[in-house]
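Descriptive analysis of the structure
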Amino acid sequence: MLNTKQIRMASGPVRPAAAYTEEFMETLHRIRQDHPQLSSLGYFLDTAEQWFGWASEARPEVVVLGPDLPEELILAAGAVPYWLLGGSLFSTSWSDDLVPRDTDPVSRSILGYIHRPGGPDFSESLFLIPLSCDSMRKIAYQLKQEGKKLFLVDIPPEQNRRESILQWQKQMFRMMEAVADHTNTRVTRRRLIDARLTVSRARKLLSVFLDLARGREDLLTFAARQLVRTSYYYTEDPEEWSDHLEILCQELKSHTARLYPRFRRPGILLAGSPVLFPNYKIPFLLQEIGLDIRECVDPAALKQYGTNTGRILQGGRDRMIRAIAAERYRYNASSSFVSNDAMYRYIIGSLMHGDIEGVVYHVLKGQIEYDFELERLESLFSDYGIPVFRLETDYQYQDVEQLRIRMEAFAEMLEQNRYQEVKQAQ
Amino acid sequence: MQTEEQKSKTAPGREPQTKYLREQQKKQRQQQRFIKKETQTAARYLGRLEQLSGAPAAMQPFVEVLRRIYVEMQGVETDRPTIGTYCVMVPQELIYAAGAQPVKLCSGNYTAFSIGDDLTPRDACPLVKAVAGFQHTGLMPVYRDCSMMVVPITCDCKKKIAGMLRDSVELITLHVPASREDADMEAYLRQLYELMERLEAATGSPISSGSLAEGFQMVGRAQAEFSEFIRLRKSSPALLRGTHSMAMMNASAYMSADRWADAMHGVNLELKERIRTGEKISSRSLPRILLTGSPIVFPNIKIPLLIEEMGGLVSADETCMGERGMWDPAVITDHSFNGMLRALANRALRPCPCPTFADNTQRIYRLKQMIRDNEIQGVIYHVLRGCLVYDFEYRQIEEELGKLEIPVIRLESDYNEEDVEQLRIRIEAFIELIKLRQEPVRRTGIRESF
């Protein structure tokens, strides 16, 4: 089993490089094992493996930290973004000496990845850093001291203020200029349209895919869904990625038509801190316990809805840039805001489906903003009569068994709720 | 057997009423406990502050203000409406210009912290927990009386507490940019215009060039007195203790700038008199320590108190509730209204060594300058539990100070007294270390001949 092996890796003195490889390979192996019937899933697994495994050969031109920036603007400026999202326990070991003890694991992992011995060559890279939290500000400072070329993007914290959108749009213009200078590319209207069409297609397909997979844990586990979703950030060719996703959707469709869903397990909504590859201990745990993750609401959850091409691609180049920037700002569900209204509204929309029986609120240690948001969400869920389970963890694997016991109790409670509803109905 | 009273309590129809009464009584008891504990803690720290030798007699007005707010639990002594602020980046000049008085609401209260602990996430910083606690109880007049609150978004905790406070008070946030470039300055300036409109609406007084100039004068005078105070504070041997100085700076949160300037003028006169008479706080050469890091807010003054009770001297502090709060005057180069606001935006962003900025190299320059000017022998770096931005900067500051051979120690603390003994041991050891590095003092002259 993955967990026992990783517990061994985490607790014993191991070489970080070997443990790092083993971590993502184990995760990929398990997903592969769980889905022998889905042949087209292979591309997404290979994409992730390639990104993590062949990193030493990479010489990224433009590096983006976190998913907050609109990639179409970067693509139009002549660069395929090299996303650093975090997610690996073992990459944190390369940043341990650089950050305080209480830093969140996502930031640690990102910084560690940049400092990975034998990792990609970042010497010529331009780093685009959206300052979504305190750690990101300070990571930016650290990278600046190391002589890295940076472009910082402030995220105005009042999402509903007009001034915030204007400020964000201005920054997006400057960011595009910085990327275009770096890549020696002229940003034209045509390039922007192409980039937007590419990205929109990928996002539309992702929405179709997630709709198909919703409630079909028997066909596609949440871990696999998450991997497909995240692999978008690991591909160098978004068009190719979309082609493969289209094939996967067709395969999934044929399976869903043939196979009726098995006994429906309690459906839950997973919200809060992002669940990032390769640290899939939470998805695997929920899967083992028998909970079906119907929806996952993380900072990038709303990004997939930025698909409009008609309205956005009207007018001149600058108008289009403004429209894309404004859309990304409005569709940002990260906790960078004073009140995360986008996430709140999205969750309300998810509850409307009527198949959410419980909520698991995931808080990574150090990501305090998510913890702050829980109070407001708890009152929302209580209005809907949905129980909430706050799950606090980090990237270590030692707490898996403790979490399992707590999660099992929660799952049993959800089962009991179902019987009670049936009884009441009778 | 049930008594008549018990029977009447459980009688049908009367139950909701008695339950309500019971809850009211319980709430009242809780409030009384809160007031008792809060005032006791503040009184205890004021007592220790007064017991510490070398306090200038002229600092009494500052002590009285702290007593009024925390022990007597009264509001700020003013006939103007009060505007709550949460950071030095809120320009006080603008608030005075709107006919209001700024009140800094950052709190160091242990009792409020323990209440806020239940309202906020476990890892939130204690300062924010204390603010949440005070706001929740609604018992502190300084919080209750505010017509509006201004919260600059300087860290994740402030960002989220603004969202929480917004439900119960009139509030405006200021987005503090992470860089200090021209575009950031312009964006901040636009926010100041917005703040101005909100202040006018809250106070009902329009802000004019004249009233803004008056605001500048009020704050400018306080800064001039403060500047003189800092000059005198640098004296060696020391004329006063750092804990007293920090208490005076803390009192500025609840005093109008002109009152504070008057009181500070008195302190400056007394310090000058001490120079003239040769009076100093100790006959021995005390290890001169610079205190920097997370804010030290009354009554959480345990760290400067411990340093000075253990035989050290807080010669200077680089904290936002201390010297940084008044350090930088606004420089007006253009006397138009826009020019004055621009000066405020400039002052808030450009010189500020707050770790909210991504690139904060100037904090290192500032620390080096303070070390040189104040003949500092050791640095105590204070980190409030959960205050990540300050913690991030420690590593680099330690490295830089290492190059100057200045010993530095990181002290992590919380808003309670459980860690006092541990802190005491570490501070004592640090002071001993500095003493060992000091040149031995010759008590007798060198014998030249037998």
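Residues numbered from 1 in each chain as written. Chains lettered and ligands numbered in written order. Predicted model: local features only at pLDDT ≥ 70, side-chain atom pairs only at ≥ 80, totals over all residues. Heavy atoms only, no water.

Where the residue is not glycine, phi is negative for most of them; where a peptide bond is considered, it is trans in most cases. All names here are of chain B. That bond from serine 236 to proline 237 is cis: its omega, 0°, falls within 30 degrees of zero. Within the secondary structure, proline 237 sits in the loop between helix H10 (209-233) and helix H11 (242-251). Backbone torsion omega between phenylalanine 298 and proline 299 reads 5°, so that peptide bond is classified as cis. Relative to the assigned elements, proline 299 resides in the loop between strand S5 (288-293) and helix H13 (302-309). The phi torsion at methionine 73 lies on the positive side, around 50°, for a residue other than glycine. A relative accessible area of 13% means that methionine 73 is categorised as buried. Backbone geometry places glutamate 405, a non-glycine residue, at a positive phi of 60°. Here glutamate 405 is to be found in the loop between helix H17 (388-403) and strand S8 (408-413). (Helix = DSSP H or I, 4+ residues; strand = E, 2+ residues; numbered from the N terminus. Buried < 20%, exposed > 50% of the residue type's maximum accessible area, 1.4 Å probe, protein only.)

This brings us to helix H12 (residues 317-330) of chain A. Residues and elements named next belong to chain A. Its 14 residues place the ends of H12 20 Å apart at the C-alpha level, agreeing with the 20 Å of an ideal helix rising 1.5 Å per residue. Among the residues of H12, Met320, Ile321, Ala323, Ile324, Ala325, Ala326, Glu327, Arg328 and Tyr329 are the ones counted as buried. Packing partners of the buried residues in H12 comprise helix H4 (71-76), helix H7 (162-183) and helix H8 (189-213). (Expected span 1.5 Å × (residues − 1). Contact = heavy atoms within 4.5 Å.)

Attention now goes to the packing of helix H5 (residues 105-114) of chain A against helix H6 (residues 134-145) of chain A. Residue and element names in this part refer to chain A. One can describe the packing of H5 onto H6 by two numbers: an axis separation of 10 Å at closest approach and a directional angle of 15°. Judged by the inter-axis angle, H5 sits roughly parallel to H6. H6 is crossed by H5, and the crossing has right-handed handedness. On H6, the residues that touch Ser107, Ile110, Leu111 and Ile114 of H5 are Ser135, Met136, Ile139, Gln142 and Leu143. (Axes fitted to C-alpha atoms, helices over the stretch in contact; angles between N-to-C directions. Parallel < 35°, antiparallel > 145°, perpendicular 65-115°, else oblique. Left-handed = near helix turned anticlockwise from the far one by under 90°.)

Before going further, it helps to spend a moment on the packing of aromatic side chains. According to the stated counting rule, one finds 35 aromatic pairs over all chains in the structure shown. Taken together, a centroid distance of 6.1 Å and an interplanar angle of 70° make the contact between tyrosine 82 of chain A and phenylalanine 122 of chain A edge-to-face. One end of the pair, tyrosine 82 of chain A, is in strand S2 (residues 82-84); the other, phenylalanine 122 of chain A, is in the loop between H5 and strand S3 (126-131), and 40 residues separate them in sequence. Positioned above the aromatic ring of phenylalanine 357 of chain B is the side chain of arginine 180 of chain B, whose terminal nitrogen or guanidinium carbon lies 3.9 Å from the ring centre. (Phe/Tyr/Trp six-rings, centres within 6.5 Å; stacked < 30°, edge-to-face > 60°. Lys NZ or Arg CZ within 6 Å of the ring centre and 35° of its normal.)

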